[in-house]
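What follows is the residue order along each chain.
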Amino acid sequence: MNSLSVQTILHQAVQGQGPAEGRFWMPPAASTFASNIDNLFYFIYWLAVIFFVLIIGTMAYFAIKYRRKDPNQRTSPIHGNHALELAWSAIPGVLLIAVFVWGFRAYMDMSVAPKDAMDIRVKAQMWNWSFDYPSAGVNTTELVVPAGRPVKLTMSSKDVLHSFFVPDFRVKKDVLPNRYTTIWFEAIAPGEHQIFCTEYCGQNHSKMLSKVIVKSQEDFDKWIEGQGKLDESIPLSEHGKRIFTERGCTACHTMTGQAGAGPSLKGKYGSQENLADGSQVLVDDNYIRESIMDPTAKVVAGFQPVMPTFKGQLRDDEVDALIEYIKEHGGQ
Ligand code: CUA
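Residues numbered from 1 in each chain as written. Predicted model: local features only at pLDDT ≥ 70, side-chain atom pairs only at ≥ 80, totals over all residues. Heavy atoms only, no water.

Draft legend 1. Main features of the sheet that holds strand 5 (residues 150-157). With mixed pairing, the 5 strands of this open sheet are ordered in space as 3-2-1-5-8. Whereas interior strands pair on both sides, the edge strands pair on one side only; in this sheet they are strand 3 (138-140) and strand 8 (181-186). Adjacent strand axes in the sheet meet at a mean angle of 25° when their direction is disregarded. Strand direction decides the pairing type here: strand 1 (residues 118-125) and strand 2 (residues 128-133), joined by 5 bridges, are antiparallel. When the bridges of strand 2 are listed, Gln125 appears paired with Asn128. (Pairing = 2+ DSSP bridges. Helix = DSSP H or I, 4+ residues; strand = E, 2+ residues; numbered from the N terminus. Axes fitted to C-alpha atoms, helices over the stretch in contact; angles between N-to-C directions.)

In structure tokens, the structure reads:
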């Protein structure tokens, strides 16, 4: 059975309103292979519906038609029916093989990235995503990609198991701490799509969100050119505030005085901090920088050494911005 022809028929039969629209079972189909995945889903779905009705319907019909009508009635001896048995083995057999071949081909298509795909590295850590563009030396917290071009993601985790999931692209793969996993996709048109972490990874798993932002090739080129420096017309502490949120610092730290998994940073700058080893440290630029790059070096008393390092993820000017932001909420 040719899966392409089945695809085409089903595409016309069930997709109707075009591949980009979201439907009852599925979000919008925003990548090149999404509509194929959907068609396979609907093929299996309708197969299940049809056979359910057929089998349960026949069973119910026979149960009523051949019900025992008087207590002495005996079932007539049945010795089988070769034609019927062959039919009910062969027809589902062919359908199952069709589903296998279709599914396997779709899986291989999704697994093997085209040679000309753009490379992006994905880093997962509790509880945020970051994206490296090796060819441009850019690191971001949202995945920005050009439309109409294959993008290959090479993913790894700094700590526990996470899973990268973009429902609109029908793309999902585990992200592991000790091995690289890859996926690829080609976004059809400019737009925004949700990224989820879909493997329970601790306290803030449900907040481990990001976005894919699809731009036209032209806008993407402009965007990547503008990366790598902070806009100087905006105060440094404003950048700091943005980075503080984008990089997921807010998952553990507040500026309100309320402690989370980490200490509140309100009024800290310029104060003496008690450390877990009983010593004290002055909270200045150097201490804050050290705490971002090497968080377990000087752990504040009363807290666990659970903060991940941001080494290699924040540029110097971004660290400066964070320090300015913390300073602005300082005490002395
Ligand atoms: Cu990361 Cu759940």
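Next comes the rest of the description.
Draft legend 2. Region of the structure containing the pattern of salt bridges. Counted by the stated rule, this structure contains 6 salt bridges. Where Glu246 meets Arg242, a salt bridge forms, and the shortest distance between an N and an O atom there is 3.2 Å. With a gap of 4 residues between them, Glu246 and Arg242 both fall in helix 5 (residues 236-246), about one helical turn apart. Using a relative accessible area of 34% as the deciding quantity, one classes Arg242 as partly exposed. For Asp316, the salt bridge identified is with Arg289, shortest N-O distance 3.4 Å. One end of the pair, Asp316, is in helix 7 (residues 316-328); the other, Arg289, is in helix 6 (residues 285-293), with 27 residues separating them in the sequence. (Salt bridge = Lys/Arg side-chain N within 4 Å of Asp/Glu carboxyl O. Buried < 20%, exposed > 50% of the residue type's maximum accessible area, 1.4 Å probe, protein only.)

Draft legend 3. Spotlight on the packing of helix 5 against helix 7. Contact geometry of helix 5 with helix 7 gives a least axis separation of 7 Å together with a crossing angle of 100°. The angle between helix 5 and helix 7 falls in the class roughly perpendicular. Residues Leu236, Ser237, His239, Gly240, Lys241, Ile243 and Phe244 of helix 5 pack against Asp317, Glu318, Asp320, Ala321, Leu322, Glu324, Tyr325 and Glu328 of helix 7. Counted by class, the contact of helix 5 with helix 7 contains 6 nonpolar, 3 polar and 6 charged residues. (Parallel < 35°, antiparallel > 145°, perpendicular 65-115°, else oblique. Contact = heavy atoms within 4.5 Å. Nonpolar A, V, L, I, M, F, W, Y, C, P; charged D, E, K, R; others polar.)

Draft legend 4. Spatial organisation of the pairing of strand 4 (residues 143-146). Alternating positions in strand 4 separate into two faces, Leu143 and Val145 on one and Val144 and Pro146 on the other, with burial throughout. Bridging between strand 4 and strand 10 (residues 210-215) involves 4 bridges; their strand directions are parallel. Across the sheet, the residue bridging to Val145 is Val214, located in strand 10.

Draft legend 5. Representation of a nonpolar patch on the surface in the model. Together, Trp46, Ile50, Phe52, Val53, Leu54, Ile55, Ile56 and Met59 line one region of the surface with nonpolar side chains, adding up to about 810 Å² of accessible area. Secondary-structure assignment places Ile55 in helix 2 (residues 34-65). (Patch = residues over 30% accessible without salt bridge, like charges linked within 9 Å, V, L, I, M, F, W, Y side chains within 5 Å. Areas by Shrake-Rupley, 256 points an atom, 1.4 Å probe, with all protein chains shown as cover.)

Draft legend 6. A look at the sheet that holds strand 6 (residues 162-166). Read from one edge of the open sheet, 5 strands run 4-10-9-6-7, paired in mixed fashion. Each end of this open sheet is capped by a strand with a single partner; those strands are strand 4 and strand 7 (171-175). Within this sheet the neighbouring strands show an average axis-to-axis angle of 20°, counted without direction. In this fold helix 4 (residues 217-226) packs onto strand 4 and strand 10, with an angle of close to 135° to the strand it touches most, strand 4.

Honestly, that's just the spatial picture; any functional story needs more than this.
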